[in-house]
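Working through the structure, step by step
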Amino acid sequence: MAILIRAGAACVALLFAGAAQAATPKDALVIAWNLDALITFDPAQIAEVNGNDIVRNVCDPLVGYDPNDTAKIAPRTAESWSVSPDGLTITFTLKPNLQFPSGKKATAQDLAWSMHRVLQLGFGNSANLTQWGFTKDKAAEQIRAADDRTLVVTMDRPYPPNLILSAAFASNVTFILDQEEGTRNAKITEGKSDYGNAFFKTNPVCVGPYHVTRWNSNDVVILERNDVYYGTKAALRRVIIRHVPESGAERLLLEKGDIDVARLLNTDDLRALAGNPDIHIEQSLMHGYTYLDFNTSDPILGNPKVRLAFRYLIDYAGLGRSILEYQGKPRASLVPEGAFGALNEADGLPFKLDIDKAKQLLTEAGYPNGFEKKFILSANNISPNLAQHIASNASKVGVKLDLEQMADANLFTRARSRDFEVMLIGWGAGYPDADSMISRHAVNPDNRAEAKLAQYPSWRSAWQDQWINDMADKARMERDPEKRIAMYHEIQTYMMQNGPMAYIFQTVRPIAVRKEVKNFIIRPFDVVYGSATK
Amino acid sequence: MLPRWLKVTARLLGSMLVTLLGLLALTFFIGRMLPVDPVVSIIGEQADQSTYNMVYHQLGLDKPLPVQFFVYVRAMLTGDFGNALFTGHRVADDLSRVFPATIELATFAIAIGVGAGVPLGMLAAVFRGSAIDHVARIIGLLGYSSPTFWLGLMGLIIFYAMLGLVGGPGQLDVSYIDIVQPHTGFILVDSLLEGETDVFWNALSHIILPASILGYGSMAYISRMTRSFMLEQLSQEYVTAARVKGLSRWKVIWRHAFRNILVQLVTIVALAYAFLLEGAVLTETVFAWPGFGHYLTSGLLAGDMNAVLACVLIIGTIFIALNLLADVLYRLLDPRTR
């Protein structure tokens, strides 16, 4: 019996000794996040936030956004570039010392192949090329390597250089993947190659500060430093991203020092951490929105005055102080603050809660006693609270909104098939230029149901305005920056009065970081792991 | 004439196959009727229609439902469960990782549930109406009524954050990740196989709290059921007769009454165990445990039928296997059933 007791005591002691070892390794950055949505690291396919965030620390694009001003362009794997006098051809010269983590040289041929495969595979990211006239049939002549360090791209129209650089060449489609690995590991199905899609899904072999060494879905992602990186080498050898899908658990891990960075904290947990001297909270204003979307094929919601009335039912200032703390910044214009061509803060939010004004607009529209509509929304995050807020104010003017919460996948399916009346949903801009939002949310090339342009939220809302279509195209092709800005301002003002969406807030990304971690840089389009030190 | 055992086995296997096939068909057709589109989770919600059509075709969703089902079952029979759309990995690979994680957790939990629940239920029955009985009832009630999510967080705050007695969320501390190579998929076993005792103790410190929380729920159920089974037996005449014969109280309880409740007990323990395998979603979420319940729920929310069907198949098999096991144990424990 005594032996048993002694053995038991030893077990307990050892158990507690194991548990007591907290604190993260000195040479590793440990991040906790919800990795539920992560399905691939193939840059051609990634369509969600987590994968994009991680892969931008594994692969570098040709050019990037200036760290101090996202509207400006800075070199990345490209050393320099020049635009032909007719504005149709851009010639990029790559930096001389680009290497894959194996030490193999990365060339312009690899880059051209990587861009071709984006077009051939045709996932959502290919829009970063196709919307500028690149097609899979003409890819070989439109994007070609002149030599190991020279990439020549030819466009169908002379777009303003800063716009095309920002929209296409700073995006994931210009990551340099290893052509040899991709070709060797390609899978052929029904005579069609997957261009290494299945292989790159878990092994994105490209040029960047880190490379992926392990990914257990819904568990952990491990990145190791790329020691042959052409730029400043990452300070920490490893980045460990743990799947922790619950805010409270993340907070405890951070407070205990078992993680360095927490990325999924809700407002309550962030508030609680705000007073903790060991932790600081970084916030970055993203180029994403949460907005009310109205299906304008509905006779009531098709009336612009009804939609305008809804804008006066949103208590922007009150939301900013309550529900949106750490979550977002109220804004009504469709172009996010920080993007080229955005209205300033005041002009971008001309509305405030005004029940009387809403009532007056509804009366003018012919609905003095209101109406009843179905209102669909995500069951996640702050959406339910936000929807309650809007429904409560709407009831004051006789508008009854029947709330229906659902999973995100369900909501997106309903949105893409125009199957809604009023909807609360989000959208992220692809690049920091007004064109990004306007070309999808305002422009609608074909409003017919059979056109199925589900990638255009304007089409989902069954909303089309020829003046906007023409104006947006003119602005896109305008080479004088001042004139472009003026046009975008005009479009934004028009959309706030007539558009099919009532934008509520621009997303804020809050990240809680332990004080030992320095230089963890958070920007609207990327989070930089490589600069972090401990 | 076939021998009897062969007939019984054939009948058993036949009913198993029909049950599993029916379960798969039901899940498949209900799943396809859900208003969730798996294509969107692959291509992203900003993708255009031609991309949508391409992936829709690749997934075989343009084929009639019965054909899709047939294709799925045919592939499944060759051991190919397809790819999980929401993780991007092969379903078989995913399951080989998440299932052992849950088995470890559930086995620990059921051991705690049975180890504490059966004695507690017996004591409550023997000392019916006493303080022990009341305490057991309160413990049971708390176990039934406390939300697992809340209990999990409270447990973490007290035992992990405040007292530092156990490991935090996750299966291991970051320093121990990647040290042990998976052989069986069970971290506790693999770490011992590789002689990494540090990893073993660390894994143990991580599993103890979620297993206790889960085990508490089972304990509540098992103790209440044990109590009522025992009360039924203790009121039987054979118990009085045994006492009259001069047997001591505990001898009667252990040798006679307890033996007679074993059959019922085995059934409820088997069911409690099966429930732990697929019903630990909330505990797995709070404790960031990469387990089966979380996997199944994520698959359902993403409309990922490959993952969901494989999980349903496993759950169905487990339930059938546990029922069979309970049947076998009945025969061993109760001579009347032979």
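Residues numbered from 1 in each chain as written. Chains lettered and ligands numbered in written order. Predicted model: local features only at pLDDT ≥ 70, side-chain atom pairs only at ≥ 80, totals over all residues. Heavy atoms only, no water.

Structural notes on the overall build of chain B
Regarding its fold elements, chain B presents 14 helices and zero strands. Order of helices (α) and strands (β) in chain B, N terminus to C terminus: α-α-α-α-α-α-α-α-α-α-α-α-α-α. Dimensions of chain B, computed from the C-alpha atoms along their principal axes, are close to 85 × 65 × 40 Å. Accessible surface for chain B amounts to roughly 16000 Å². Of this, 69% is attributable to carbon and sulfur atoms. Averaged over its 21 positive side-chain charges, chain B has a centre that lies 23 Å from the centre of its 22 negative ones. (Helix = DSSP H or I, 4+ residues; strand = E, 2+ residues; numbered from the N terminus. Areas by Shrake-Rupley, 256 points an atom, 1.4 Å probe, with all protein chains shown as cover. Lys, Arg positive; Asp, Glu negative; His and termini not counted. Charge placed at Lys NZ, Arg CZ, Asp CG, Glu CD.)

What to know about the packing of aromatic side chains
Enumeration according to the criterion identifies 24 aromatic pairs over all chains in this entry. Taking 4.7 Å as the distance between ring centres and 55° as the angle between the ring planes, the aromatic pair formed by Tyr-229 of chain A and Tyr-230 of chain A counts as tilted. Note on accessibility: Tyr-229 of chain A and Tyr-230 of chain A belong to one class, buried. Here the aromatic rings of Phe-127 of chain B and Trp-250 of chain B are separated by 6.3 Å at their centres, their planes lie at 55°, and the arrangement is tilted. Taken together, the residues Phe-127 of chain B in the loop between helix 5 (91-126) and helix 6 (131-145) and Trp-250 of chain B in helix 11 (residues 249-278) connect sequence positions 123 residues apart. Judged by its relative accessible area of 26%, Phe-127 of chain B is partly exposed. Among the residues examined, Trp-250 of chain B registers a relative accessible area of 37% and is labelled partly exposed. Chaining the aromatic ring pairs together yields one cluster made of Trp-81, Phe-92 and Phe-169 of chain A. The positively charged end of Lys-256 of chain A is found above the aromatic ring belonging to Tyr-160 of chain B, 5.3 Å away from the centroid. Here the basic side chain of Arg-418 of chain A rests over the ring of Trp-459 of chain A, its NZ or CZ set 4.1 Å away from the ring centre. (Phe/Tyr/Trp six-rings, centres within 6.5 Å; stacked < 30°, edge-to-face > 60°. Buried < 20%, exposed > 50% of the residue type's maximum accessible area, 1.4 Å probe, protein only. Lys NZ or Arg CZ within 6 Å of the ring centre and 35° of its normal.)

Topic: the interface of chain A and chain B
Interfaces are often sized by the amount of accessible area the parts lose when they come together. At the junction of the two partners, chain A supplies 58 residues and chain B supplies 57 residues. Across the interface of chain A and chain B, roughly 4900 Å² is buried in total on both sides, 56% from carbon and sulfur atoms. On the surface where chain A and chain B come into contact, there are zero salt bridges. The tally of links between chain A and chain B comes to nine residue pairs in polar contact (both at pLDDT 80 or more). Only helix 1 (2-20), helix 8 (197-202), strand 10 (210-216), strand 11 (220-225), strand 12 (238-243), helix 9 (247-256), helix 15 (408-416) and strand 18 (422-428) of chain A provide two or more residues apiece to the side of chain A that touches chain B. Of the residues forming the side of chain A that touches chain B, the biggest block, six residues, is contributed by helix 1 of chain A. Looking at the side of chain A that touches chain B residue by residue, the class counts come to 27 nonpolar, 17 polar and 14 charged. (Contact = heavy atoms within 4.5 Å. Buried area = accessible area lost by both parts, 1.4 Å probe. Salt bridge = Lys/Arg side-chain N within 4 Å of Asp/Glu carboxyl O. Polar contact = N/O pair within 3.5 Å; in protein donor to acceptor, adjacent residues only side chain to side chain. Nonpolar A, V, L, I, M, F, W, Y, C, P; charged D, E, K, R; others polar.)

Some details on the environment of Arg-242 of chain A
Mapped onto the secondary structure, Arg-242 of chain A falls in strand 12. Residue classification places Arg-242 of chain A among the buried positions, given a relative accessible area of 7%. Here the alpha-carbon distance between Arg-242 of chain A and Ile-222 of chain A, two residues 20 residues apart in the chain, equals 8.6 Å. Side-chain polar atoms of Arg-242 of chain A contact the backbone oxygen of Pro-169 of chain B, separated by 3.4 Å.

A closer look at the pairing of strand 19 (residues 501-514) of chain A
Residue and element names in this part refer to chain A. For strand 19, the buried fraction is high: 13 of the 14 residues fall into the buried class. Note that strand 14 (residues 279-294) and strand 19 share 12 bridges and pair antiparallel. Among the inter-strand pairings, Leu-292 is bridged to a residue of strand 19, identified as Ala-502. Direction of pairing for strand 15 (residues 328-330) relative to strand 19: antiparallel, over a ladder of three bridges. (Pairing = 2+ DSSP bridges.)

Things to note about the confidence of the model for chain B
Averaged over all residues, the pLDDT of chain B is 85; the fraction at 70 or higher stands at 98%. Of the two predicted TM-score estimates for the complex, the pTM is 0.85 and the ipTM is 0.79. (pLDDT = per-residue confidence, 0-100.)

Structural notes on the nonpolar core
Residues Ile-240 of chain A together with Leu-95, Leu-156 and Tyr-295 of chain B are the most contacted members of the largest nonpolar core, which totals 103 residues. Leaving out residues up to four positions away in the same chain, Tyr-295 of chain B has contacts with Ala-84, Phe-86, Thr-87, Val-91, Asp-94, Leu-95, Val-98, Ala-307 and Cys-311 of chain B. Of all hydrophobic cores here, the second largest spans 89 residues; its members include Leu-38, Leu-111, Leu-121 and Leu-151 of chain A. (Core = buried A, V, L, I, M, F, W, Y, C linked by side-chain atoms within 4.5 Å.)

What to know about the environment of Trp-467 of chain A
All names here are of chain A. One can find Trp-467 in helix 18 (residues 466-477). A relative accessible area of 36% places Trp-467 in the partly exposed class. In contact with Trp-467, not counting residues within four places along its chain, are Glu-490 and Tyr-494.

Regarding the sheet that holds strand 5 (residues 89-94) of chain A
Residue and element names in this part refer to chain A. Read across the open sheet, the four strands follow the order 4-5-7-6; overall the sheet is antiparallel. Bordering the open sheet on either side are strand 4 (78-83) and strand 6 (143-147), each of which pairs with just one other strand. In this sheet, neighbouring strand axes are inclined to one another by 25° on average, regardless of whether the strands run parallel or antiparallel. Two strands pair when backbone bridges link them, and strand 5 and strand 7 (residues 150-154) are joined in this way by five bridges, in the antiparallel orientation. Note that in strand 7 the partner of Thr-93 across the bridge is Thr-150. Here helix 3 (residues 108-121) sits on the sheet in contact with strand 5, strand 6 and strand 7, set at roughly 170° to strand 6. (Axes fitted to C-alpha atoms, helices over the stretch in contact; angles between N-to-C directions.)

Digging into helix 7 (residues 148-162) of chain B
Here helix 7 of chain B is 15 residues long and its end C-alpha atoms lie 20 Å apart, about the 21 Å a rise of 1.5 Å per residue gives. Helix geometry: helix 7 of chain B is bent most strongly at Leu-156 of chain B, by close to 25°. For helix 7 of chain B, the set of buried residues is Leu-151, Gly-152, Leu-153, Gly-155, Leu-156 and Tyr-160 of chain B. Here the buried face of helix 7 of chain B lies against helix 9 of chain A together with helix 9 (197-234) and helix 12 (281-286) of chain B. Count one or two residues on from helix 7 of chain B and you reach Gly-164 of chain B, which has phi positive near 65°. (Expected span 1.5 Å × (residues − 1). Bend = angle between axes of the 7 residues up to and from the residue.)

Some points on a nonpolar patch on the surface
All names here are of chain B. A cluster of nonpolar side chains, contributed by Trp-150, Met-154, Ile-157, Ile-158, Phe-159, Met-162 and Leu-163, occupies part of the molecular surface with about 650 Å² of accessible area. Here Met-162 is to be found in helix 7. Taking relative accessible area as the criterion, Met-162 reaches 62% and is therefore assigned exposed. (Patch = residues over 30% accessible without salt bridge, like charges linked within 9 Å, V, L, I, M, F, W, Y side chains within 5 Å.)

Observations concerning the pattern of salt bridges
Residue and element names in this part refer to chain A. Evaluated as defined, the whole model comprises 37 salt bridges over all chains. For Arg-76, the salt bridge is made with Asp-60, and the minimal N-O distance between the two is 3.0 Å. Residue Arg-76 is located in the loop between strand 3 (69-75) and strand 4, and its partner Asp-60 is located in the loop between helix 2 (49-55) and strand 2 (63-66); the two are separated by 16 residues in the primary sequence. The partner of Arg-523 in a salt bridge is Asp-526, and the shortest N-O contact between them spans 3.2 Å. Look at Asp-526 and you get buried, because its relative accessible area is 12%.

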